[in-house]
Structures are given as structure tokens and as C-alpha cells.
Amino acid sequence: MENQNAKWYVVRTFSGHENKVKSLIESELKDNEELRSRIFEILVPTEKVFEVKDGKKKTKKKNFFPGYILVCADLDIKAKDFIINTPSVMGFLGTKKNPIPLMPEEVKRIVGRISQSDETERTETIFRAGDFVKIIDGPFNNFSGVVQEVNEEKMKIKVMVSIFGRKTPVEIDFVQAELEK
């Protein structure tokens, strides 16, 4: 932060327009020295997650506060009006006339979660306990069963399959199963 009066504010946007709003604000700041001296940083709170779909592991960025961005600013009338009048912005968190800044602990928690997600990936799985799955790889290929347990850390699921007429738990990797349709 370049200014001691700067605080973090939450700006409400249309869901899915967070990056667009960030780009619009940043492009305007390039040409406007007065605003650049008031608005210091814009963050879209995202984390890196990977999901297993169709037997393939895909990484994507997921917004953990859809419809919100964070703006670090020394908010005066001009800066506030500029942000509010940016396309796809619905307003600030707080009252219409008086945006409420985040508490420093909240900012640390959110920024910590953003920077932590750069180092680690969180698994987003399509599997839930009780789902019917078909095993598509490994020694139990073509068996079907019900998911009993999901272990996201190890990327494994425990499936109850019928082997010789008996229900048997089988632990397999996410990529070895697909949801039955």
C-alpha cells in the first residue's frame, strides 16, 4: 500500500464479471494519474482447483467470492464514483453513501487464501458419497458400485462393488471411475 489512508473495500459486481471489472478499472488507471494516486490494488479472490472429469485431471481458477472483488483505495468522492460507475459494478459493501472497509484480519485471511492457492491446489471432485459410478480402469474395470467415501487429499474414492454376489469395498483413484448416467 502506498498510502496510509488506503483501506480494502469489497465491490459487488455481476457474477462472472469480476475479471472484466478489474480490467476496466486497471485500464482507466493507466491514463488517469489522479485515480492512480487513490486506487492502489484490485484483487479477484480466486484459488486454483483441479477437477477430474472424463478421467482427466484439469486445473482451473475458481472464484471463492463470486460477484465480489477487493479494491485497496484511499476512497474519496471521485474514486468512489469512478468505481461505482464502472460497467458491471453494483456498488460497495456497506451503505450506498458510506462503503465499509474490511477489517485488517479479514484482509489477511482473504489475501492469505489467495496466495496459498498459488502454492497448493485444492481438489474439486465430481464424486460424492452415494453416487453411482462405473469403474473404467484397473483390475475392477467395468464394475459398477456406490461411492462410500471420498478422500480428496489422496484423490481416491471407496466404492462398494458386488464381487461374486458379495458387497466389497474397493479403493480406486478418481481417474479410474466415472459417474453413471
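Above this text sits the structure in question.
Residues numbered from 1 in each chain as written. Predicted model: local features only at pLDDT ≥ 70, side-chain atom pairs only at ≥ 80, totals over all residues. Heavy atoms only, no water.

Let's talk about the sheet that holds strand S1 (residues 7–13)
Pairing within the open sheet is antiparallel, and its four strands lie in the order S2-S5-S1-S6. Looking along the sheet, the strands with just one partner apiece sit at the ends: strand S2 (39–43) and strand S6 (89–92). Pairwise comparison of adjacent strand axes, ignoring direction, gives a mean angle of 30 degrees for this sheet. Judged from the six bridges that link them, S1 and strand S5 (residues 68–73) form a sheet pairing that is antiparallel. In the strand pairing of S5, Tyr9 is matched with Val71. Strand contacts of helix H1 (residues 18–31): S1, S2, S5 and S6, with the helix running at about 160 degrees to S2, the strand carrying the most contacts. On the sheet, helix H3 (residues 77–84) packs against S1, S2, S5 and S6 and is oriented at approximately 145 degrees with respect to S6. (Pairing = 2+ DSSP bridges. Helix = DSSP H or I, 4+ residues; strand = E, 2+ residues; numbered from the N terminus. Axes fitted to C-alpha atoms, helices over the stretch in contact; angles between N-to-C directions. Contact = heavy atoms within 4.5 Å.)

Observations regarding the packing of aromatic side chains
Evaluation of the coordinates by the stated rule reveals four aromatic pairs. Ring plane angle 50 degrees and centroid distance 5.8 Å describe the contact between Phe127 and Phe174, whose orientation is recorded as tilted. One end of the pair, Phe127, is in the loop between strand S7 (122–124) and strand S8 (132–135); the other, Phe174, is in the loop between strand S11 (166–173) and strand S12 (177–179), with 47 residues separating them in the sequence. The exposure classification of Phe127 matches that of Phe174, with both residues buried. (Phe/Tyr/Trp six-rings, centres within 6.5 Å; stacked < 30°, edge-to-face > 60°. Buried < 20%, exposed > 50% of the residue type's maximum accessible area, 1.4 Å probe, protein only.)

Remarks on the environment of Thr95
With respect to the helices, strands and loops of the structure, Thr95 is situated in the loop between S6 and helix H4 (104–119). Thr95 sits 58 residues away from Ser37 along the chain, and the two C-alpha atoms are 24 Å apart.

Topic: H1
Two residues of an α-helix separated by three or four positions point the same way, owing to the 3.6 residues in each turn. By the burial criterion, the buried members of H1 are Glu18, Val21, Ile25 and Leu29. Down the axis of H1, the buried side of the element spans an arc of 70 degrees, and every buried residue falls inside it. Exposed side chains of H1 directed beyond 90 degrees from the buried face belong to Asn19, Lys30 and Asp31. (Arc of directions from axis to C-beta.)

Some points on the nonpolar core
Core analysis: the largest hydrophobic core is formed by 18 residues, its most contacted members being Ile39, Ile69, Val71 and Ile83. For this core, the secondary structure elements donating two or more residues are S1, H1, S2, S5, H3 and S6. The residues contacting Ile83, other than those within four sequence positions of it, are Val11, Ile39, Val71, Leu75, Val89 and Phe92. Counting 14 residues, the second-largest nonpolar core is a separate cluster that includes Val147, Met155, Val159 and Ala177. (Core = buried A, V, L, I, M, F, W, Y, C linked by side-chain atoms within 4.5 Å.)

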